[in-house]
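Here is what each chain is made of, one letter per residue.
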Amino acid sequence: MIAARPRGRWPGLLAAALLAACASGPAPELAASSPVTVARVDEAAMLPLLGYLQLLQQMSPQELQRERSVLAAIPPTPATQVRLAMVLGQVRGPADLVRALGLLDAVLKSREPAAASLHPLTRALASQYRERLRLETQNEKLLQQLKDSQRRSSELQEKLDALTDIERSLPARPTAGSNAPGGP
């Protein structure tokens, strides 16, 4: 039986409750015992970047290249670095993903308040880009293995064809009845 999708205000209320739970800090007993200080997350800083990411996904390669050159000309700020990393993540090249990861790591290491407010988004993007890079590397290895297998298969087929040709060129074997001693 397929569960029915919730209708009405429940999905919106559920989403709002989840966002509110994520936005609030850790429980007081956890905050007191934890030596790590948790920076306040500024959702207002991340929302424009999320909208920008959606916009990038609809751009053509030429528009992405133009956006990349515009961002490279702007003085680097944490938000600009994240935007450039997002553009580089859309290009789909392993070198671009490595560069994007470098930009995201720089934002994560930055102590600026503007960078600290972007850390959750930056960590999520970095995690996604690392996984994509790992999968692309694995895909390249698998493609190389496939090419090697196809090459070996082709070589084996050539050898099999050569053996078949040799077998056909051999004279026919005499039958058992015609060579028997004492035959007629």
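Whatever comes next refers back to the structure up there.
Residues numbered from 1 in each chain as written. Predicted model: local features only at pLDDT ≥ 70, side-chain atom pairs only at ≥ 80, totals over all residues. Heavy atoms only, no water.

Enquirer: Just to check I follow, could you spell out the overall build of the protein for this structure?
Expert: Along the backbone of the protein there are eight helices and zero strands. Taken from N to C terminus, the helices and strands of the protein fall in the order α-α-α-α-α-α-α-α. Within the protein, buried positions represent 21% of all 184 residues. Long-range pairs, those at least 24 residues apart, make up 62% of the contacts in the protein between residues at least 6 apart in sequence. Accessible area of the protein: about 13900 Å², with a carbon and sulfur share of 61%. (Helix = DSSP H or I, 4+ residues; strand = E, 2+ residues; numbered from the N terminus. Buried < 20%, exposed > 50% of the residue type's maximum accessible area, 1.4 Å probe, protein only. Contact = heavy atoms within 4.5 Å. Areas by Shrake-Rupley, 256 points an atom, 1.4 Å probe, with all protein chains shown as cover.)

Enquirer: Hey, could you run me through the nonpolar core in this one?
Expert: The nonpolar side chains of soluble globular proteins are, as a tendency, buried together. Ranked by size, the top nonpolar core spans 26 residues in total, and within it Leu56, Val82, Met86, Leu104, Leu121, Leu125 and Tyr129 carry the most contacts. Of all elements in the fold, only α3 (43-56), α4 (61-73), α5 (78-91), α6 (94-109) and α8 (119-169) reach the threshold of two or more residues within this core. Sequence-distant contacts of leucine 104, that is, excluding residues within four places in its chain, are made with Val82, Ala85, Thr122, Leu125, Ala126 and Tyr129. (Core = buried A, V, L, I, M, F, W, Y, C linked by side-chain atoms within 4.5 Å.)

Enquirer: Can you help me understand the packing of α6 against α8 in this one?
Expert: Pairs of packed helices are described in terms of their axes, by the angle between the two and the distance that separates them. The geometry of α6 relative to α8 is characterised by a closest axis approach of 9 Å and an angle of 155 degrees between their N-to-C directions. When the axis of α6 is compared with that of α8, the two are roughly antiparallel. The hand of the α6/α8 crossing is left-handed. Between α6 and α8, the contacting residues are Pro94, Leu97, Val98, Ala100, Leu101, Leu104, Asp105, Val107 and Leu108 on the first element and His119, Thr122, Arg123, Leu125, Ala126, Tyr129, Arg130, Arg132, Leu133, Glu136 and Glu140 on the second. Of the residues assigned to the contact of α6 with α8, the class counts are twelve nonpolar, two polar and six charged. (Axes fitted to C-alpha atoms, helices over the stretch in contact; angles between N-to-C directions. Parallel < 35°, antiparallel > 145°, perpendicular 65-115°, else oblique. Left-handed = near helix turned anticlockwise from the far one by under 90°. Nonpolar A, V, L, I, M, F, W, Y, C, P; charged D, E, K, R; others polar.)

Enquirer: How should the side chain of threonine 80 be read in this particular structure?
Expert: Mapped onto the elements of the fold, threonine 80 is located in helix α5. Exposure remark for threonine 80: the relative accessible area of 13% places this residue in the buried category. For threonine 80, the contacting residues outside a window of four places in its chain are Leu71, Ile74 and Pro75.

Enquirer: What's the story with the pattern of salt bridges in this structure? I'm lost.
Expert: Proximity of charged atoms lets side chains of opposite charge pair with each other. All told, the structure shown has five salt bridges when counted by the stated rule. Its salt-bridge partner being aspartate 96, residue arginine 68 comes within 3.4 Å of it at the nearest N-O pair. Taken together, the residues span a long stretch of sequence, with arginine 68 in helix α4 and aspartate 96 in helix α6 at a distance of 28 residues. Of the charged contacts in the structure, one is a salt bridge between aspartate 165 and arginine 168, with a shortest N-O distance of 3.9 Å. Linking aspartate 165 with arginine 168, this pair stays in helix α8, spanning three residues, or about one helical turn. (Salt bridge = Lys/Arg side-chain N within 4 Å of Asp/Glu carboxyl O.)

Enquirer: When you look at the packing of α4 against α5 in this model, what are you seeing that I'm missing?
Expert: Contact geometry for α4 and α5: axes closest at 10 Å, N-to-C directions at 155 degrees. Regarding the angle of α4 to α5, the classification is roughly antiparallel. Between α4 and α5 lies a crossing whose hand is left-handed. Touching Leu64, Glu67, Arg68 and Leu71 of α4 are Thr80, Arg83, Leu84, Val87, Leu88 and Gln90, all from α5. Residues of the contact of α4 with α5, tallied by class, amount to five nonpolar, two polar and three charged.

Enquirer: Can you help me understand the packing of aromatic side chains in this one?
Expert: The geometry of an aromatic ring pair comes down to the distance between the two centres and the angle between the two planes. The tally for this structure, following the rule as stated, stands at zero aromatic pairs. Cation over ring: arginine 83 sits above tyrosine 52, and NZ or CZ is 4.5 Å from the ring centre. (Phe/Tyr/Trp six-rings, centres within 6.5 Å; stacked < 30°, edge-to-face > 60°. Lys NZ or Arg CZ within 6 Å of the ring centre and 35° of its normal.)

Enquirer: Any chance you could explain α6 here in plain terms?
Expert: Helical geometry: 3.6 residues make up each α-helical turn, so side chains three or four residues apart lie on a common side. Its 16 residues place the ends of α6 22 Å apart at the C-alpha level, agreeing with the 22 Å of an ideal helix rising 1.5 Å per residue. Among all positions in α6, only Asp96, Leu97, Ala100, Leu101, Leu103, Leu104 and Val107 are buried. Take α6 and look down its axis: the buried residues cluster within an arc of 165 degrees, on one side only. The exposed set on the far side of α6, more than 90 degrees from its buried face, consists of Ala95 and Lys109. In the core, the buried residues of α6 are packed alongside α4, α5, α7 (113-116) and α8. (Expected span 1.5 Å × (residues − 1). Arc of directions from axis to C-beta.)

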